[in-house]
Amino acid sequence: DAGVIQSPRHEVTEMGQEVTLRCKPISGHNSLFWYRQTMMRGLELLIYFNNNVPIDDSGMPEDRFSAKMPNASFSTLKIQPSEPRDSAVYFCASRETGAWGAFFGQGTRLTVV
Amino acid sequence: DAKTTQPTSMDCAEGRAANLPCNHSTISGNEYVYWYRQIHSQGPQYIIHGLKNNETNEMASLIITEDRKSSTLILPHATLRDTAVYYCIVRSIIQGAQKLVFGQGTRLTINP
């Protein structure tokens, strides 16, 4: 298995533009997580899904952020409109039912200028 | 979830055992102790977990005190590739899904 696949790896966009980050979890994994990492705040859990259903989105910073999981093999995190303070590395992770560890993707480095 | 306290940074010589402590004095009975690490520019990587017994796998050993208020992650023969930030996480299972909350972790540097 190729692991958790995130795209793009790097994204540079202008303030006000819409940004969509994509994640393909490991096949067979039924839990999916979106994290954001910055120097100031460290790793923050934004939202997680179980069986494609959002379970806890309390970490989503504000209404500009939205996440979807239309099927078991794909999830998106959208920021609209983007702001410079959204600049961070965004990680997606997935976990198999009954497993103890979650597998993280390589992350998407987002820069909003 | 219980809060954890870890040293900000540690150094260890290559080939020696690296012992990373974690304090979780408010842990409750149904909460597990997890360890993850994050090598520079990569996503976090699961290492090991435990409830109350000591655990060992191919990566590390986890020693949990009898009162479960603290634990130690042991890398028996540290290599340069073990240089990373190590996160100690305490959490309970919620609705079958795993909600990991990462603290600041310990930045471990393995020196040649």
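The structure we're discussing is the one just above.
Residues numbered from 1 in each chain as written. Chains lettered and ligands numbered in written order. Predicted model: local features only at pLDDT ≥ 70, side-chain atom pairs only at ≥ 80, totals over all residues. Heavy atoms only, no water.

This part takes up the overall build of chain A. A tally of regular secondary structure across chain A gives zero helices and 11 strands. What you see in chain A, going N to C, is helices and strands ordered as β-β-β-β-β-β-β-β-β-β-β. Taking 13 Å as the expected radius of gyration for a compact globule of 113 residues, we find that chain A reaches 13 Å, a close match to that expectation. Taken along its principal axes, the extent of the C-alpha atoms in chain A is 40 × 25 × 25 Å. Here chain A holds 113 residues, and 50% of them are scored as buried. The long-range share in chain A, meaning contacts at least 24 apart out of those at least 6 apart in sequence, stands at 53%. Accessible surface computed for chain A: about 5500 Å², of which carbon and sulfur atoms make up 51%. Both charge centroids of chain A, one from 11 positive and one from 12 negative side chains, sit 3 Å from each other. (Helix = DSSP H or I, 4+ residues; strand = E, 2+ residues; numbered from the N terminus. Rg over C-alpha atoms; globule rule 2.2 N^0.38 Å. Buried < 20%, exposed > 50% of the residue type's maximum accessible area, 1.4 Å probe, protein only. Contact = heavy atoms within 4.5 Å. Areas by Shrake-Rupley, 256 points an atom, 1.4 Å probe, with all protein chains shown as cover. Lys, Arg positive; Asp, Glu negative; His and termini not counted. Charge placed at Lys NZ, Arg CZ, Asp CG, Glu CD.)

Attention shifts here to the interface of chain B and chain A. As a measure of interface size, the accessible area lost when the parts come together is often cited. Counting residues at the interface gives 21 residues for chain B and 21 residues for chain A. Scanning the region where chain B abuts chain A turns up zero salt bridges. On the surface where chain B and chain A come into contact, there are two residue pairs in polar contact (both at pLDDT 80 or more). Residue assignment for the side of chain B that touches chain A shows that the elements contributing at least two residues are β3 (32–38), β4 (45–50) and β8 (84–91) of chain B. The element best represented in the side of chain B that touches chain A is β3 of chain B, accounting for four residues. Residues of the side of chain B that touches chain A, tallied by class, amount to 10 nonpolar, nine polar and two charged. (Salt bridge = Lys/Arg side-chain N within 4 Å of Asp/Glu carboxyl O. Polar contact = N/O pair within 3.5 Å; in protein donor to acceptor, adjacent residues only side chain to side chain. Nonpolar A, V, L, I, M, F, W, Y, C, P; charged D, E, K, R; others polar.)

We now examine the sheet that holds strand β7 (residues 70–75) of chain B. Residues and elements named next belong to chain B. Read across the open sheet, the four strands follow the order β2-β7-β6-β5; overall the sheet is antiparallel. Each having just a single partner strand, β2 (18–23) and β5 (55–56) make up the two edges of the open sheet. Across two bridges, β5 lies against strand β6 (residues 61–64) in antiparallel orientation. Residue pairing across strands places glutamate 55 opposite leucine 62, the latter belonging to β6. (Pairing = 2+ DSSP bridges.)

Moving on, we come to the pattern of salt bridges. All names here are of chain A. Counted by the stated rule, this structure contains nine salt bridges over all chains. For the salt bridge of glutamate 62 with arginine 64, the shortest nitrogen-to-oxygen distance reads 2.8 Å. A salt bridge links arginine 64 to aspartate 86, with the shortest nitrogen-to-oxygen separation between them at 2.6 Å. Within this pair, whereas arginine 64 is found in the loop between β6 (53–56) and β7 (65–71), its partner aspartate 86 is found in the loop between β8 (74–79) and β9 (88–95), the two being separated by 22 residues in sequence. With respect to class, arginine 64 is no different from aspartate 86; both count as buried. Residues participating in the shared-partner salt-bridge network are Glu62, Arg64, Glu83, Arg85 and Asp86.

As a further point, take the pairing of strand β5 (residues 42–50) of chain A. Residue and element names in this part refer to chain A. Counting buried residues in β5 gives nine out of nine residues, a clear majority hidden from the surface. Sheet topology note: the strand β4 (residues 31–38)/β5 ladder contains eight bridges and is antiparallel. Note that in β5 the partner of tyrosine 35 across the bridge is leucine 45. From the end of β4 to the start of β5, which pair antiparallel, there are three residues. As paired elements, β5 and β6 share three bridges and run antiparallel to each other.

Before going further, it helps to examine the sheet that holds strand β3 (residues 19–24) of chain A. Across a sheet, paired strands are connected by hydrogen bonds in the backbone, their directions being either parallel or antiparallel. Residue and element names in this part refer to chain A. The sheet built from four strands is open, its strands ordered β1-β3-β8-β7 with antiparallel pairing. The sheet is open, and its two edges are formed by β1 (5–7) and β7, each paired on a single side. This sheet shows a mean twist of 15° between the axes of neighbouring strands, independent of strand direction. Pairing between β7 and β8: five bridges, direction antiparallel. Bridge pairing in β8 links asparagine 71 to phenylalanine 74. (Axes fitted to C-alpha atoms, helices over the stretch in contact; angles between N-to-C directions.)

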